[in-house]
Amino acid sequence: MAWALKLPLADEVIESGLVQDFDASLSGIGQELGAGAYSMSDVLALPIFKQEESNLPPDNENKILPFQYVLCAATSPAVKLHDETLTYLNQGQSYEIRMLDNRKMGELPELNGKLVKSIFRVVFHDRRLQYTEHQQLEGWRWNRPGDRILDIDIPMSVGIIDPRANPTQLNTVEFLWDPSKRTSVFIQVHCISTEFTMRKHGGEKGVPFRVQIDTFKENENGEYTEHLHSASCQIKVFKPKGADRKQKTDREKMEKRTPHEKEKYQPSYETTILTECSPWPEITYVNNVPSPGFSSSHSSFSISEGNGSPNHQPEPPAPIADNLLPTSTPQEAQQWLHRNRFSAFSRLFTNFSGADLLKLTREDVIQICGPADGIRLFNALKGRMVRPRLTIYVCQESQQLSEQQKHEDGDAANSTFFVYHAIYLEELTAVELTEKIAQLFSISAQQISQIYKQGPTGIHVLISDEMIQNFQDESCFILDTMKAETNDSYHIILK
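Reference entry: report on the structure contained in this document. Keep in mind the model is a prediction, meaning the values are calculated, not measured.

What to know about the overall build of the protein
Argument step 1. A count of helical and extended segments in the protein gives 14 helices and 18 strands.
Argument step 2. By residue count, 37% of the 495 residues in the protein fall in the buried class.
Argument step 3. Counting only contacts in the protein whose residues sit at least 6 apart along the sequence, the fraction spanning at least 24 positions is 67%.
Argument step 4. Working note: accessible area of the protein is about 30,100 Å², and carbon and sulfur atoms make up 53% of it.

Notes on the packing of helix H10 (residues 362-369) against helix H11 (residues 371-381)
Argument step 1. Between H10 and H11, whose axes approach to 7 Å, the crossing angle comes to 140°. The angle between the axes of H10 and H11 places the two elements in the oblique class. For H10 against H11, the interelement crossing comes out right-handed. Of the residues in H11, those touching H10 at Arg362, Val365, Ile366 and Cys369 are Pro371, Asp373, Gly374, Ile375, Leu377, Phe378 and Leu381.
Argument step 2. A breakdown of the residues in the contact of H10 with H11 according to their chemical character gives eight nonpolar, one polar and two charged.

Quick notes on the sheet that holds strand S3 (residues 95-101)
Argument step 1. With respect to topology, five strands assemble into an open sheet ordered S5-S8-S3-S1-S11, the strand pairing being antiparallel. Here the strands that pair on one side only, and so sit at the sheet edges, are strand S5 (150-152) and strand S11 (272-273).

Overview of H11
Argument step 1. Buried within H11 we find Gly374, Leu377, Phe378 and Leu381. Down the axis of H11, the buried set is contained in an arc of 100°. They therefore lie on one face.
Argument step 2. Remark: glycine 383 follows H11 within two positions and exhibits a positive phi of approximately 65°.

Quick notes on the nonpolar core
Argument step 1. Core analysis: the largest hydrophobic core is formed by 41 residues, its most contacted members being Leu71, Ile97, Met99, Phe120, Val185 and Phe209.
Argument step 2. Examining the composition of this core, we find that five residues originate from one element, strand S10 (residues 224-238), more than from any other.
Argument step 3. Setting aside residues no more than four positions away along its own chain, phenylalanine 209 makes contact with Val122, Val123, Phe124, His125, Cys191, Ile192, Ser193, Phe196, Cys233, Gln234, Ile235 and Val237.

What about helix H8 (residues 330-339)?
Argument step 1. For H8, the full list of buried residues reads Ala333, Gln334, Trp336 and Leu337. All buried residues of H8 project into a common sector of 160° when viewed along the axis, lining one side.
Argument step 2. On its buried face, H8 sits against helix H9 (354-358) and H11.
Argument step 3. Arginine 341 occupies a position one or two residues after H8 and carries a positive phi of about 65°.

Examining the packing of aromatic side chains
Argument step 1. Inspection of every chain in the model, using the stated rule, returns nine aromatic pairs.
Argument step 2. Geometrically, the ring pair formed by phenylalanine 471 and phenylalanine 477 is tilted, given 5.3 Å between the ring centres and 40° between the ring planes. Of the two residues, phenylalanine 471 and phenylalanine 477, both sit in the buried class.
Argument step 3. Taken together, the aromatic side chains of Phe124, Phe196 and Phe209 make up a single cluster linked through ring pairs.
Argument step 4. Sitting above the plane of the tyrosine 490 ring, lysine 483 keeps its charged end 5.2 Å from the centroid.

Some points on a positive patch on the surface
Argument step 1. On the surface, Lys80, Lys253, Lys256, Arg257 and Lys264 cluster together to form a positively charged patch.
Argument step 2. With respect to the helices and strands, lysine 80 occurs in the loop between strand S1 (67-71) and strand S2 (86-90).

With respect to the pattern of salt bridges
Argument step 1. Per the stated rule, a full pass over the model turns up 16 salt bridges.
Argument step 2. Between arginine 141 and glutamate 138 there is a salt bridge, and its shortest N-O distance comes to 3.6 Å. In this pair, arginine 141 and glutamate 138 both sit in helix H5 (residues 133-143), three residues apart, roughly one turn of the helix. One exposure class covers both arginine 141 and glutamate 138, and it is buried.
Argument step 3. We note a salt bridge from aspartate 151 to arginine 148, for which the minimum N-O separation is 3.3 Å. Neither aspartate 151 nor arginine 148 differs from the other in exposure class; each is buried.
Argument step 4. By sharing partners, the salt bridges in this structure join Glu110, Lys217 and Glu226 into a single network.

Re the pairing of strand S4 (residues 116-124)
Side-chain direction in a regular strand flips from residue to residue, so the side chains alternate between the two faces of the sheet.
Argument step 1. In terms of residue burial, S4 counts as a mostly covered element, since nine of its nine residues are buried.
Argument step 2. For S4 and strand S7 (residues 172-177), the ladder comprises six bridges, and the chain directions are antiparallel. Its bridge partner lying in S7, isoleucine 119 is registered against glutamate 174.
Argument step 3. The sheet contact formed by S4 and strand S9 (residues 209-218) spans eight bridges and is antiparallel. When the bridges of S9 are listed, valine 122 appears paired with valine 211.

Criteria and cut-off values
Residues numbered from 1 in each chain as written. Predicted model: local features only at pLDDT ≥ 70, side-chain atom pairs only at ≥ 80, totals over all residues. Heavy atoms only, no water. Helix = DSSP H or I, 4+ residues; strand = E, 2+ residues; numbered from the N terminus. Buried < 20%, exposed > 50% of the residue type's maximum accessible area, 1.4 Å probe, protein only. Contact = heavy atoms within 4.5 Å. Areas by Shrake-Rupley, 256 points an atom, 1.4 Å probe, with all protein chains shown as cover. Axes fitted to C-alpha atoms, helices over the stretch in contact; angles between N-to-C directions. Parallel < 35°, antiparallel > 145°, perpendicular 65-115°, else oblique. Left-handed = near helix turned anticlockwise from the far one by under 90°. Nonpolar A, V, L, I, M, F, W, Y, C, P; charged D, E, K, R; others polar. Pairing = 2+ DSSP bridges. Arc of directions from axis to C-beta. Core = buried A, V, L, I, M, F, W, Y, C linked by side-chain atoms within 4.5 Å. Phe/Tyr/Trp six-rings, centres within 6.5 Å; stacked < 30°, edge-to-face > 60°. Lys NZ or Arg CZ within 6 Å of the ring centre and 35° of its normal. Patch = residues over 30% accessible without salt bridge, like charges linked within 9 Å, V, L, I, M, F, W, Y side chains within 5 Å. Salt bridge = Lys/Arg side-chain N within 4 Å of Asp/Glu carboxyl O. Lys, Arg positive; Asp, Glu negative; His and termini not counted. Charge placed at Lys NZ, Arg CZ, Asp CG, Glu CD.

Shown next, in the form of structure tokens:
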């Protein structure tokens, strides 16, 4: 049985009006957006898609980064709009990176008056090469002994404190800096992009690198391990003048393109702004261990304080008599390398016995370890002692008088025997001579008031640094002591 609902006349009129309005609203669909006017970008621009897109990175919206790093080198004009910028550098040329404090008033107040540490790295851009980075760098080290991938040009840099470079990390440098002061660091990249290509047949396309900067602040223990900011940019390194030629080639290619094609590419900027990125994964790399560094006004090269490069533990000084024997096993050879401050090269000599190391020529060691460490290792292998700058021989006058008395009394042999002591000087200063004579007499250096040298007609000439520097090597002196007038100290006279 079919049921039909009969509406009153007024209701029928209302229903008819609603249907007409609905038909009219549908009639415009397809007319405003014809086939020629339709595009996917118009659809993506709808509010619903804009709202979804804005929800993707909510944390980064209007975010002010604490620091900004600017590489003073032009970007390539041959990069498409939505791709990352690419900057060409010349091998070994110094390029400025400006370290800018980008904090708002009151932001990160704990950094006021404090230093931060920045670690610079040159790493591979390609993921495939990142997985084999260690092998790639070891191969580069073998082909370029003694060279580094990344260096700091210290004379040109401004505001950097305690710059350091670990000899085992060829692609890393680090330094401290004050965000409140002007800081510019000049870096040099010594490898070129084509050195890491698979096939070397000439004309190959070089691999891109990344310059990455990670900045840390001090924690409660004074270690620079609390991450503040990281940024990086993409670079390619050419042989000297090659970057300029490549930049010119890219510019000429872009000039030949039509205006419509040029719209698809980024303009070339005079500087390269490093974009924010994740910190380098080896966070454990940052610790509070001293490491070798560049010489600077903040600390010396070999004795330094503060926070250094990773994986380089302080090593004890080498014993005076610690010669490597031909019978030493590979394990004993490894221990000898560590004791003598050659830990950085222990991996290269993993399977070398004592005999293997001793067979190496001077040229072999320099080629493997580089000039500086190679010469040092060769001298250590051969057991060569460092010759002092000046050697003098001294004898106490009381001993000489005693020997002469014995000789006159006939108690001694036909020839008088005098005992002299050797004093070795390195710094050639009066202070050093005072300390060495004090050791000889088993007294403190403070007990020696002055040291004189007996001159012509018996005059006493005060010993100075310049006089010591003019001493003839292996000179002989008789030491006479004279009590000082004012206190319990002594005057020493060299005759």
